[in-house]
Structures are given as structure tokens and as C-alpha cells.
Amino acid sequence: DQQVKQNSPSLSVQEGRISILNCDYTNSMFDYFLWYKKYPAEGPTFLISISSIKDKNEDGRFTVFLNKSAKHLSLHIVPSQPGDSAVYFCAASAGDNYGQNFVFGPGTRLSVLP
Amino acid sequence: KAGVTQTPRYLIKTRGQQVTLSCSPISGHRSVSWYQQTPGQGLQFLFEYFSETQRNKGNFPGRFSGRQFSNSRSEMNVSTLELGDSALYLCASSVWTSGNEQFFGPGTRLTVL
């Protein structure tokens, strides 16, 4: 049973428009969420995170929104650029000080078309 | 600061063999986690080590094991390889506290024939 779901395997967006990547989770104990970007032949790169005490976190063109009641988060990229084309993973963690166990979603492949 | 390094980058083995993968974390990072990535499955958590102790373990069979050395370097071992073990194995390191983002290495691509 997948605890972190990314129901869109792929997404295509025109350059300059907004990209919205969605992520749903089932475990109400998750309290820390991250987004990673992955290019082929490279490891995932951390993008942005959000703690459950917030509902929004912004970093440049990237904004993550968290809706705890719906157990849903989304990553907005504005404006989208061709270099944003990659696989995006959502990850969640039930934080404690005794270890890190990040649960990752299956990923969404974003294609930004010039 | 050097990033996470993994060796080897590519590996081809046959069924029944065993394999050892190596990971060197970022200097100062004490937590090392291992993940398996297969198409359509995303990243599946294998285990996490901190100060030479396994702190967390995912749902993988006992054929998958690991260890961490005093310098925080980590190794992962898979015994009696199966075709389904073909995957990209990623190592990630982070500072000791929970909630810190992880920094990933480039991965080791394992192919089992």
C-alpha cells in the first residue's frame, strides 16, 4: 500500500506557464514533506520542503502548498522553464529524533515544452 | 564541499551472485540511507545508518544488508541476487537530526542477468 502517491506519471507544460505537481499521502503521522528533482543518470536533488506547521513555503519559482486535512501537497513552478524538465519526487517523513525514514512517491515526469 | 559519492557506478552480475556497493557521505554527515529505484516504483527505502548503527529498515528481505563504518562511509550488500534486484541503488546522506533534507549520490546501476 503506497503511503505517498503521485497519481500523474507525467505532465507536459508550455514554457512560461505554471506547472502544478500533486502528491497525496495516507499516513497522518507524516509531518515533514520534501520535493526532489531527478535528471537521468543523476541522484535526486533536493528542491524544497515544508513542515506540517506551515501551509505554504516559497523559494524563488518554487512554491509548495500543504493541505493537511486533505492529506495533499502540491508543487507549483512559475514560470516553467525547459531546464525544469525532470522527474519530480514527493517524499514524506514522520519525524522523530531516532532516525530518518523518508517515504517517496513514484514520481511525476515533467516536460516543459519550448 | 564534495558531494555524496557511490562506487561502482555500474555493475553487471548474474543470478545467485552477491554484490557490495559503497557510499561515501558528505563530510560531517552522519546519517546514511539507502534506496532502491525501479521503474514505476519510485524510491523504496532500504535502511538508514547512523553512528554505525542501523536506525531504520524498510520492507526488504534479509538478502539486503548494510553497515556503516566509523568514518560514516557505508556499504550495502545483496546476497543471492535475483533478476528483480536489477535497479538503481541510491545512497543519501544528511546531518544527524530528523527532518533534514537528504543529499543523494548519483547511484549504482545494478543489472542482474
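The sections below set out a description of the structure shown in this document. These figures come from a predicted structure and were not determined experimentally. (Residues numbered from 1 in each chain as written. Chains lettered and ligands numbered in written order. Predicted model: local features only at pLDDT ≥ 70, side-chain atom pairs only at ≥ 80, totals over all residues. Heavy atoms only, no water.)

Points about the overall build of chain A
- Each helix and strand counted, chain A has 0 helices and 11 strands in total.
- For chain A, the α and β elements follow one another from N to C terminus as β-β-β-β-β-β-β-β-β-β-β.
- In summary, chain A has a C-alpha radius of gyration of 14 Å against a globular reference of 13 Å for 114 residues, a match within 12%.
- Dimensions of chain A, computed from C-alpha atoms along their principal axes, come out at roughly 45 × 30 × 25 Å.
- Per-residue burial for chain A yields a buried fraction of 46% across its 114 residues.
- Within chain A, contacts between residues separated by at least 24 positions form 55% of all contacts whose residues are at least 6 apart in sequence.
- Averaged over its 10 positive side-chain charges, chain A has a centre that lies 4 Å from the centre of its 10 negative ones. (Helix = DSSP H or I, 4+ residues; strand = E, 2+ residues; numbered from the N terminus. Rg over C-alpha atoms; globule rule 2.2 N^0.38 Å. Buried < 20%, exposed > 50% of the residue type's maximum accessible area, 1.4 Å probe, protein only. Contact = heavy atoms within 4.5 Å. Lys, Arg positive; Asp, Glu negative; His and termini not counted. Charge placed at Lys NZ, Arg CZ, Asp CG, Glu CD.)

Description of the sheet that holds strand β3 (residues 19–24) of chain B
All names here are of chain B.
- The strand order across the open sheet formed by 4 strands is β1-β3-β8-β7, and the pairing between neighbours is antiparallel. Looking along the sheet, the strands with just one partner apiece sit at the ends: β1 (5–7) and β7 (64–68). Each strand of the sheet is rotated relative to its neighbour by a mean of 20°, with strand direction disregarded.
- As paired elements, β1 and β3 share 3 bridges and run antiparallel to each other. Across the sheet, residue threonine 5 finds its bridge partner in β3, namely serine 24. (Pairing = 2+ DSSP bridges. Axes fitted to C-alpha atoms, helices over the stretch in contact; angles between N-to-C directions.)

Remarks on the nonpolar core
- One finds Phe33, Trp35, Leu73, Leu75 and Tyr88 of chain A to be the most contacted residues of the largest nonpolar core, which totals 24 residues.
- Apart from residues lying up to four places away in sequence, leucine 73 of chain A is in contact with Leu21, Asn22, Cys23, Tyr25, Phe33, Trp35, Val64, Phe65, Leu66 and Cys90 of chain A.
- If you look at the next biggest cluster of nonpolar residues, it comprises 21 residues, including Val4, Leu21, Leu81 and Ala87 of chain B. (Core = buried A, V, L, I, M, F, W, Y, C linked by side-chain atoms within 4.5 Å.)

Focus on the environment of asparagine 22 of chain A
Residue and element names in this part refer to chain A.
- Structurally, asparagine 22 can be placed in strand β3 (residues 19–25).
- Residues asparagine 22 and aspartate 84, spaced 62 residues apart in sequence, show a C-alpha to C-alpha distance of 16 Å.
- Excluding residues within four positions of it along the chain, asparagine 22 makes contact with Lys5, Gln6, Trp35, His72, Leu73 and Ser74.
- Reaching out from asparagine 22, the side chain makes a polar contact with the side chain of histidine 72 at a distance of 3.2 Å. (Polar contact = N/O pair within 3.5 Å; in protein donor to acceptor, adjacent residues only side chain to side chain.)

Quick notes on unusual backbone geometry
- Geometrically, the link from valine 78 of chain A to proline 79 of chain A is a cis peptide bond, its omega value of -10° lying close to zero.
- Take proline 79 of chain A: it is sitting in the loop between β8 (72–77) and β9 (86–93).
- With omega at -10°, the peptide bond leading from threonine 7 of chain B into proline 8 of chain B counts as cis.
- Assignment of secondary structure puts proline 8 of chain B in the loop between β1 and β2 (10–13).
- The phi torsion at lysine 71 of chain A lies on the positive side, around 55°, for a residue other than glycine.
- Of note, lysine 71 of chain A is situated in the loop between β7 (62–67) and β8.
- Residue lysine 71 of chain A is classed as partly exposed on the basis of its relative accessible area, which comes to 26%.
- Within the chain, glutamate 52 of chain B stands out as a residue other than glycine whose phi angle is a positive 70°.
- A residue is classified by how much of its surface remains accessible, and glutamate 52 of chain B, at 48% relative accessible area, is partly exposed.

Focus: the packing of aromatic side chains
- All chains considered together, the criterion is met by 12 aromatic pairs over all chains.
- A ring pair is formed by tyrosine 36 of chain A and phenylalanine 104 of chain A, whose centres lie 5.6 Å apart and whose planes are at 45°; its orientation type is tilted. Note that tyrosine 36 of chain A is positioned in strand β4 (residues 32–38) and phenylalanine 104 of chain A in strand β10 (residues 102–104), a separation of 68 residues in sequence. There is no split in this pair, since tyrosine 36 of chain A and phenylalanine 104 of chain A are both buried.
- In this structure an aromatic cluster arises from ring pairing among Tyr36, Phe46, Phe89 and Phe104 of chain A together with Tyr35, Phe45 and Phe104 of chain B.
- For the cation-ring pair, arginine 55 of chain B lies above phenylalanine 50 of chain B, with the distance from its terminal atom to the ring centre recorded as 4.2 Å. (Phe/Tyr/Trp six-rings, centres within 6.5 Å; stacked < 30°, edge-to-face > 60°. Lys NZ or Arg CZ within 6 Å of the ring centre and 35° of its normal.)

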